[in-house]
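Spelled out, the chains give:
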Amino acid sequence: GAVLLNGVSEISNCKFINNTAVSLGGAVYLSIDSEVSLTNSNFTHNSAGSAGAIYLKGQNHVFHSLNFIENSASYGGALTYGECVNTIINECNFIKNHANSYGGAICDFDYASNYIQNSYFANNSCWSGEMIDFDESLGLIYNEIELISKISNIKIEQNLSNLYSEGIELKDNILTVHGYYKI
């Protein structure tokens, strides 16, 4: 990928285009010691084995006004969480991201408490799963274990999964959804 971040960092008004990583984080890799604020930036045409745009470890990340467009990975077309807690995603757009397996837009393997609000998901795709899936199957947003998520005021349009529906599914976790609608 293009950037590896440790410690407290702030990134604003940047463009990450056509970056590649063989393993994790096509554009950005956030280490276990990171606490990052990302604002007003674009992630376009990035790719990796996992996390086409950003691979997240660490805690207390804030993503505001980001665009994730046409990123791809085997897991987490745009984002993948691993050992990451308390991430806030606000006013972000996830458009035409793709995962060959789990999480066309977002894949969460463990530990995350996610807050996704005022965001837009359109034309994302994955091989199988739900649009937003919080069980141990597959999905456009995928979470494997220990989830406490709050999702409010998101807009979902024309997302695709080859094997299951593109809706929202919850099993064995806690999920709060407010203002969800599908066009």
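Conventions we followed
Residues numbered from 1 in each chain as written. Predicted model: local features only at pLDDT ≥ 70, side-chain atom pairs only at ≥ 80, totals over all residues. Heavy atoms only, no water. Helix = DSSP H or I, 4+ residues; strand = E, 2+ residues; numbered from the N terminus. Contact = heavy atoms within 4.5 Å. Areas by Shrake-Rupley, 256 points an atom, 1.4 Å probe, with all protein chains shown as cover. Core = buried A, V, L, I, M, F, W, Y, C linked by side-chain atoms within 4.5 Å. Buried < 20%, exposed > 50% of the residue type's maximum accessible area, 1.4 Å probe, protein only. Pairing = 2+ DSSP bridges.

Asker: Is there a simple way to think about the overall build of the chain in this case?
Answerer: For the chain, the helix and strand inventory stands at zero helices and 26 strands. Nonlocal contacts in the chain, meaning residues at least 24 apart in sequence, comprise 79% of its contacts between residues at least 6 apart. Surface exposure of the chain reaches about 7700 Å², of which carbon and sulfur atoms provide 47%.

Asker: Help me understand the nonpolar core in this model?
Answerer: General note: in soluble globular proteins, nonpolar side chains tend to be found buried as a group. Of all hydrophobic cores here, the largest spans 29 residues; its most connected members are Phe43, Ile54, Phe63, Leu79 and Phe94. Elements supplying a minimum of two residues to this core: strand E5 (28–30), strand E6 (35–44), strand E8 (54–59), strand E9 (62–69) and strand E11 (79–85). With sequence-adjacent residues up to four places away left out, Ile54 is seen in contact with Gly25, Val28, Leu30, Leu38, Phe43, Phe63, Phe68, Ala78, Leu79 and Thr80.

Asker: Sorry if this is basic, but what is going on with the pairing of strand E10 (residues 72–75) here?
Answerer: For a regular strand, side-chain orientation follows a simple rule: the groups alternate between the two sheet faces. Across three bridges, the pairing between strand E7 (residues 47–50) and E10 is parallel. Bridging across to E10, Ser47 finds its partner in Ser72. Pairing of E10 with strand E14 (residues 98–99) involves two bridges; the strand directions are parallel. Residue pairing across strands places Ser72 opposite His98, the latter belonging to E14.

Asker: What's the story with the environment of Glu91 in this structure? I'm lost.
Answerer: Among the structural elements, Glu91 can be located in the loop between strand E12 (87–90) and strand E13 (93–95). Spatially, the C-alpha atoms of Glu91 and Leu66 are 7.1 Å apart, while their sequence positions differ by 25 residues. Those residues in contact with Glu91 that sit more than four places away from it in its chain are His64, Ser65, Leu66, Gln117, Asn118 and Ser119.

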